[in-house]
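Coordinates in review
As a plain string of letters, each chain reads:
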Amino acid sequence: MSFLMTTLREKKEGDSIIRDTIDKVLVLRFGRSTDSVCLHLDDILSKSVREVSKFATVALVDIDSADTHVYVKYFDITLIPSIVFFFNAHHMKMDSGSADHTKWVGSFQKKQDFIDVVEESGDSIHL
């Protein structure tokens, strides 16, 4: 299902979507389209896109693309899949129960788990 979502393969595409996503949570999934855990997460994301579309935008970042390695290094993507959240071009920190508050590492068990995390991250924004 990852073919149904926007996939970023160039740094300029990443810069653009981060800069241009206003008043919505931006969800960037870092991973590979050939990894089974990433494919499971992509299935959940694709089934959730419509339901979160009013308050979130979801895009995939191909970590095998040489041009996106600047993001992989900057966000210290060592485990895949990893999800990084933004709001109005600002990287959002989150408490996912792990020591790393910069990203969500791993997949979700079901669609509602993902939706709940995105809703919670959107609710935590204080403007």
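Scroll up to find the structure this text is about.
The rules behind the values
- Residues numbered from 1 in each chain as written.
- Predicted model: local features only at pLDDT ≥ 70, side-chain atom pairs only at ≥ 80, totals over all residues.
- Heavy atoms only, no water.
- Buried < 20%, exposed > 50% of the residue type's maximum accessible area, 1.4 Å probe, protein only.
- Helix = DSSP H or I, 4+ residues; strand = E, 2+ residues; numbered from the N terminus.
- Pairing = 2+ DSSP bridges.
- Right-handed = clockwise from strand over helix to strand, strands pointing away.
- Core = buried A, V, L, I, M, F, W, Y, C linked by side-chain atoms within 4.5 Å.
- Contact = heavy atoms within 4.5 Å.

Bringing the pairing of strand S3 (residues 56-62) into the picture now. The buried fraction of S3 amounts to six of the seven residues, a majority that puts the element mostly inside the structure. Taken together, the three bridges between strand S1 (residues 6-8) and S3 define a ladder with parallel strand orientation. In the strand pairing of S3, Thr7 is matched with Leu60. In the sheet, strand S2 (residues 25-31) pairs with S3 via seven bridges, with the strands oriented parallel. Bridge assignment links Phe30 to a residue of S3, and that residue is Val61. Taken together, S2, helix H2 (residues 36-52) and S3 constitute a β-α-β crossover, and its handedness is right-handed.

Core analysis: the largest hydrophobic core is formed by 21 residues, its most contacted members being Val27, Phe85, Phe108 and Phe114. Each residue touching Phe114, except ones within four places of it in the same chain, is listed here: Val27, Ile44, Leu45, Ser48, Val58 and Phe108. Among the nonpolar cores identified, the runner-up in size contains 15 residues, and Ile63, Tyr71, Val72 and Val84 belong to it.

This part takes up the environment of Val58. Relative to the assigned elements, Val58 resides in strand S3. Overall, the relative accessible area of 10% leaves Val58 in the buried class. With 52 residues separating them in the primary sequence, Val58 and Thr6 have C-alpha atoms 7.6 Å apart. With sequence-adjacent residues up to four places away left out, Val58 is seen in contact with Met5, Val27, Leu45, Val49, Val52 and Phe114.

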